[in-house]
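Per-entry structural report
One-letter residues, chain by chain:
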Amino acid sequence: MAKPRRGREPRPLGFYLLAAFFGLFVLFLYGPIATIVILSFQGPNGGLTFPMNGVSTHWFHNLFEQQAVGDFGGALTRSLSLGLIVMVVTVLFSVAAGLGFRHRFRGSGVVFYVAVASLIVPSILVSLGIGLMFNIVGFEPNWYSSALGAHLTWTLPFGLLIMFAIFNRFNRAYEEAARDLGATPWQTIRFVVLPIIAPSVIGIALFGFTLSYDEFARTLMTAGSFNTLPLEIYGMTTNVTTPVLYALGTLTTALSFLVILAALGAVLLVQRRRARQGSDAGAGV
């Protein structure tokens, strides 16, 4: 005789409360983004609020035309250029510092705390201090000089902390095996260390680019006469009365997602390549 099938046990009340809280969190997080994306497709006569007056891509075409309130294309180009420079410098310095701090040296603790101290200083004070310093020494603040330094005070500490965490659990046996096989120090770093830490390096690059790309406070007093994209958007909020502002928000959001997807794709590619090399080595043995 077949046993009666037991029904699924009811979930506790706490599950539904947590599910409702999570749903509200997702709505709060992505609701404004979804609203901006929808309103960016207003018709040519559309406004900044619902209901929508037609559907078109008019405001995306209008985005890079000459505007009365600013230069969107130039601001976007400057933000992308600054973000890429910050990304490269952050990766190089973080990896070099991570390798250097693997060996104790006199004053290493002081150097570490000085390097990460900027994380606890208000960003606007960092921006104000760097801007004043440039003015005192007679240099005009610019996005490629003073703003670059201000952004590095924000991205480098994150890169350093990530690399310190990675090297704290790094197995030195791989390096010892490479040296036993006759590898030079540079060959050990290039062919052993860097491939192992490659996913973390990609993560640092993503951190460096995204933190710089949307940084506002540390750019406010250091960008000089030419705005980056966050400063341009801030200026637009008090002047623009068309959905071109939403089109810009949609474009920058899409760009951010593309950067994240590219970073994830790079990590997957590195992991797949490492797995393939491991299988080839196993087959050779």
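Residues numbered from 1 in each chain as written. Predicted model: local features only at pLDDT ≥ 70, side-chain atom pairs only at ≥ 80, totals over all residues. Heavy atoms only, no water.

The name given to the chain in an unreviewed UniProt entry is ABC transporter permease, and the organism recorded there is Skermanella cutis. Check the Subcellular location (unreviewed entry) section of the UniProt entry for the chain; it says "Cell membrane". For the chain, the Sequence similarities (unreviewed entry) comment in UniProt is given as "Belongs to the binding-protein-dependent transport system permease family. CysTW subfamily." (UniProt positions renumbered as here; feature names shortened; annotations may be inferred.)

A word on the packing of aromatic side chains. The description of two aromatic rings rests on the distance between their centres and on the angle between their planes. Inspection of every chain in the model, using the stated rule, returns 11 aromatic pairs. The interplanar angle of 45 degrees and the centroid separation of 5.1 Å between the aromatic rings of F41 and F60 together place this pair among those described as tilted. Placement of F41 in the loop between α1 (13-39) and α2 (58-63) and of F60 in helix α2 is noted, with a sequence separation of 19 residues between them. By relative accessible area, which is 30% here, F41 ends up partly exposed. Judged by its relative accessible area of 23%, F60 is partly exposed. Where F158 meets F207, the ring centres are 5.9 Å apart and the plane angle is 5 degrees; that geometry is what we call stacked. Of this pair, F158 sits in helix α6 (residues 146-168) while F207 sits in helix α8 (residues 185-213), placing them 49 residues apart in sequence. (Phe/Tyr/Trp six-rings, centres within 6.5 Å; stacked < 30°, edge-to-face > 60°. Helix = DSSP H or I, 4+ residues; strand = E, 2+ residues; numbered from the N terminus. Buried < 20%, exposed > 50% of the residue type's maximum accessible area, 1.4 Å probe, protein only.)

Bringing the UniProt feature "transmembrane region" (unreviewed entry) in the chain into the picture now. Taken from the UniProt record, the annotation "transmembrane region" (unreviewed entry) applies to residues 12-41, 80-99, 111-137, 143-167, 188-211 and 244-270. Note that residues 80-99 is 100% helix and 0% strand, and that its end C-alpha atoms are spaced 29 Å apart. The straight-line gap between the two end C-alpha atoms of residues 188-211 is 31 Å; of that span, 100% is helix and 0% is strand.

Moving on, we come to the packing of helix α3 (residues 72-100) against α8. Packing of α3 against α8 brings their axes to within 8 Å, and their N-to-C directions diverge by 145 degrees. Pair α3 / α8 crosses with right-handed handedness. In terms of residue class, the contact of α3 with α8 is made up of 17 nonpolar, 6 polar and no charged. (Axes fitted to C-alpha atoms, helices over the stretch in contact; angles between N-to-C directions. Left-handed = near helix turned anticlockwise from the far one by under 90°. Nonpolar A, V, L, I, M, F, W, Y, C, P; charged D, E, K, R; others polar.)

What follows deals with the pattern of salt bridges. What the rule picks out here adds up to 1 salt bridge. Put simply, R102 and E175 hold a salt bridge, and the shortest N to O gap is 2.5 Å. One end of the pair, R102, is in the loop between α3 and α4 (108-116); the other, E175, is in helix α7 (residues 173-180), and 73 residues separate them in sequence. In this structure, R102 and E175 share a single accessibility class: buried. (Salt bridge = Lys/Arg side-chain N within 4 Å of Asp/Glu carboxyl O.)

A few words on the nonpolar core. L63, F72, Y213, L229, M236, V244 and L248 are the most contacted members of the largest nonpolar core, which has 14 residues in total. Elements represented by at least two residues in this core include exactly α2, α3, α8, α10 (229-236) and α11 (244-284). Top contributing element to this core by residue count: α11, with 5 residues. With 11 residues, the next largest nonpolar core counts V91, F167, V193 and I204 among its residues. (Core = buried A, V, L, I, M, F, W, Y, C linked by side-chain atoms within 4.5 Å.)

Turning our attention to the environment of G83. By secondary structure assignment, the location of G83 is in helix α3. C-alpha of G83 to C-alpha of D214: the two residues are 131 residues apart in sequence and 8.9 Å apart in space. Residue contacts for G83: discarding those within four places in its chain leaves F209 and S212. (Contact = heavy atoms within 4.5 Å.)

Mapping F22 onto the fold places it in helix α1. Take F22: its relative accessible area is 54%, and that puts it in the exposed class. Sequence-wise, F22 and F50 are 28 residues apart; in three dimensions their C-alpha atoms are separated by 27 Å.

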